[in-house]
Structure formats: C-alpha cells, structure tokens
Amino acid sequence: PSLAQHSQQLKRAAPLAPAPCRWNSGLPMNIGVLFVPQQEAWVVERMGKFHRILEPGLNFLIPLLDRIRYVQSLKEIVINVPEQSAVTLDNVTLQIDGVLYLRVMDPYKASYGVEDPEYAVTQLAQTTMRSELGKLSLDRVFRERESLNASIVDAINQASDCWGIRCLRYEIKDIHVPPRVKESMQMQVEAERRKRATVLESEGTRESAINVAEGQKQAQILASEAEKAEQINKAAGEANAMLVKARAKAEAIQLLAAALAQQHGNAAASLSVAEQYVNAFSKIAKDSNTVLLPANTGDVTNMVAQ
C-alpha cells in the first residue's frame, strides 16, 4: 500500500485519545490533613457532589468521602493568543496575534461552568478580535489600537462572567500586513511627508512676503511722518521769519514816521525819493529790450511831489 493509505490505516486502528482533564494529573490526595498553598483554591467534592472550596492554610477532610476535584490558581494568568488572519473594513487581510491577561475570580464557576476556561477564553479572544477588526479600516487599526484592546476586553468579560474568569487586559503584539499593502502605505507616508514639506515651504514664503510687506509699510509710515515733521518745521520757520520781517518793517515804519515828524522831515524824504527815482531810471533798458515808461518821465518834480 502507499504511504497515504498506510497512514489512514494507522489512524483507523489507533483509539481516540480522551479529552484532557485538568483534574486527572497533579491533583493532591486526600490524607485527612491538607495544607493549601497561598493563591490557590482547591475544589472538594463529597461523594461526587460539590462540597466546599478549601482556603489557603490548614484544612481537614474525611478520607474516602471527600475528593479534591479541581485546583484553581488565583494568580494572574498570561495566555498567548496564536496568530490569526482577520479582514478589516476595507477588505485588507491582516495577520495579528496578542497576549491575554486574566484571573480566576470564582473557583466554583471556573470549575463547573466551562470545561477548559483558558481554552474557551482564548477562542473567545480570537473571535472577538476578528469581529472588532472587521469594524475598523486599516488606518484606524493602527491609530486606535488602545480602543481596540479595550473593546476586546469588554467583549470577553461580558461572555466570561458566567465562567468565573475576568479578563484584565488584552494587548496586540504584532500586526502583519501584506507586502503590497505595506508598499502602498510606505508610498502614502512619503507622499504625506512631501505634502508637509510643500506646505511648510509655502507657509515660509507667505510669512516672508508678509514680513517684507510689513517692513515696507512701516518704512512708508516712517517716511511720511518724517516728511510731515519736516513740512511742519519748515512752515514754522517760514512763519517765524515772516513774523520777524513784519516786526522789523513795523519798527522801520515807526522810525521813519518819527523822522518825518521832525522839522524839515518832508524835505529829507523828498530828497531820498528823488535819489531812488534817478537810480532806478538809470537802470532802465539794461536787463531787457522792452521798456515801459510813464507818460511824464522827465517830470521829476511831479513824481517827487506824489
């Protein structure tokens, strides 16, 4: 016969192995006086029926009638959840595994509520993980890992309450994505970085333009204020000069009036006007060829009288 047929014959001939029972190996024998270690709970049956749970320390039992059926550890148990495949909301297949931390809270329920509590919780964690991953997209799986862990813990605690087990926390160890999806994610990251660089460069250009405009604005404001101050100073100077000239002219007129009021003042004034007239008349036609003369130019006596 072939190798495949030989293996099938061996499988048919081999008896079925019994289901593993935790109480069949390593259970202490009832010798009447027992010492239960700390952080352990021993479930005792009397004549096949649940009797009581032995607390840590010294305990007494009746031989032959009482039997230690289960030994439950009250310490925190760490279970490695095997790697499994799950499909996200956007149809991406992931390979994901995790670590489950749980503790037996009720030894009676953990003994009689389920056949193998650790195996049941592991299977529940795997199915819950697949269910929760199906609600999230690939990007949200990486961003919301903590919320995903919390959702898995809540779902496990709701189902394992009747088993006397409480899930303390669940941690995702590794998330493996397909190679093509990893390449596309890498390209997306590079594109995002280029986008950020372009945005930062444009923001720098904008800030530079704003700073240049603000500088030009401040320069124009300062220049206009300087020009304004210059005009104000110039106007004040001209006003002061006009005021000084007016005061000087007024004083000159007062002196002239005082001189004319004296004796023979009119004659002296007439002599001065006649001299100025002769000097002005002598300069005619020196600066220009066009000359405007009064009708009585030669009548000096009449001009002086006026």
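Residues numbered from 1 in each chain as written. Predicted model: local features only at pLDDT ≥ 70, side-chain atom pairs only at ≥ 80, totals over all residues. Heavy atoms only, no water.

### Overview of the packing of aromatic side chains
Okay, step 1: Applying the stated criterion across every chain, the model contains 4 aromatic pairs.
Okay, step 2: Seen from their ring centres, Phe-50 and Tyr-108 are 4.8 Å apart, and the 65° between their planes marks the pair as edge-to-face. Residue Phe-50 is found in strand 3 (residues 49-54), and its partner Tyr-108 is found in helix 2 (residues 107-112); the two are separated by 58 residues along the sequence.
Okay, step 3: Here Tyr-70 and Tyr-112 contribute two aromatic rings whose centre-to-centre distance is 5.3 Å and whose plane-to-plane angle is 80°, an arrangement assigned as edge-to-face. Separated by 42 residues along the polypeptide, Tyr-70 in strand 5 (residues 66-73) and Tyr-112 in helix 2 bring together distant segments of the chain. (Phe/Tyr/Trp six-rings, centres within 6.5 Å; stacked < 30°, edge-to-face > 60°. Helix = DSSP H or I, 4+ residues; strand = E, 2+ residues; numbered from the N terminus.)

### Some words on the sheet that holds strand 6 (residues 76-87)
Okay, step 1: One open sheet accounts for 3 strands, arranged 6-7-8; its pairing is antiparallel. Looking at which strands have only one partner, the edges of the open sheet turn out to be strand 6 and strand 8 (165-176). Averaged over neighbouring strand pairs, the angle between their axes works out to 20° when direction is ignored.
Okay, step 2: The pairing of strand 7 (residues 93-104) with strand 8 spans 10 bridges and is classified as antiparallel. Counterpart to Gln-95 in the pairing with strand 8 is His-176.
Okay, step 3: Sheet contacts for helix 3 (residues 117-133): strand 6, strand 7 and strand 8; angle to strand 6, the most-contacted strand, approximately 40°.
Okay, step 4: Contacting strand 7 and strand 8, helix 5 (residues 145-160) runs over the sheet at an angle of about 140° to strand 8. (Pairing = 2+ DSSP bridges. Axes fitted to C-alpha atoms, helices over the stretch in contact; angles between N-to-C directions. Contact = heavy atoms within 4.5 Å.)

### So, the pattern of salt bridges
Okay, step 1: Tallied over the full model, the rule gives 8 salt bridges.
Okay, step 2: A salt bridge links Asp-66 to Arg-46, with the nearest nitrogen and oxygen atoms 2.6 Å apart. Taken together, the positions of Asp-66 in strand 5 and Arg-46 in strand 2 (residues 40-46) put the pair 20 residues apart, joining distant regions of the chain.
Okay, step 3: Asp-66 gets classed as buried once you look at its relative accessible area, which sits at 3%.
Okay, step 4: Judged by relative accessible area, which is 28%, Arg-46 ranks as partly exposed.
Okay, step 5: The partner of Glu-207 in a salt bridge is Arg-206, with the nearest N and O atoms 3.9 Å apart.
Okay, step 6: The exposure class of Glu-207 is partly exposed, given its relative accessible area of 40%.
Okay, step 7: Here the salt bridges do not stand alone but share partners, grouping Glu-76, Arg-103 and Arg-169 into one network. (Salt bridge = Lys/Arg side-chain N within 4 Å of Asp/Glu carboxyl O. Buried < 20%, exposed > 50% of the residue type's maximum accessible area, 1.4 Å probe, protein only.)

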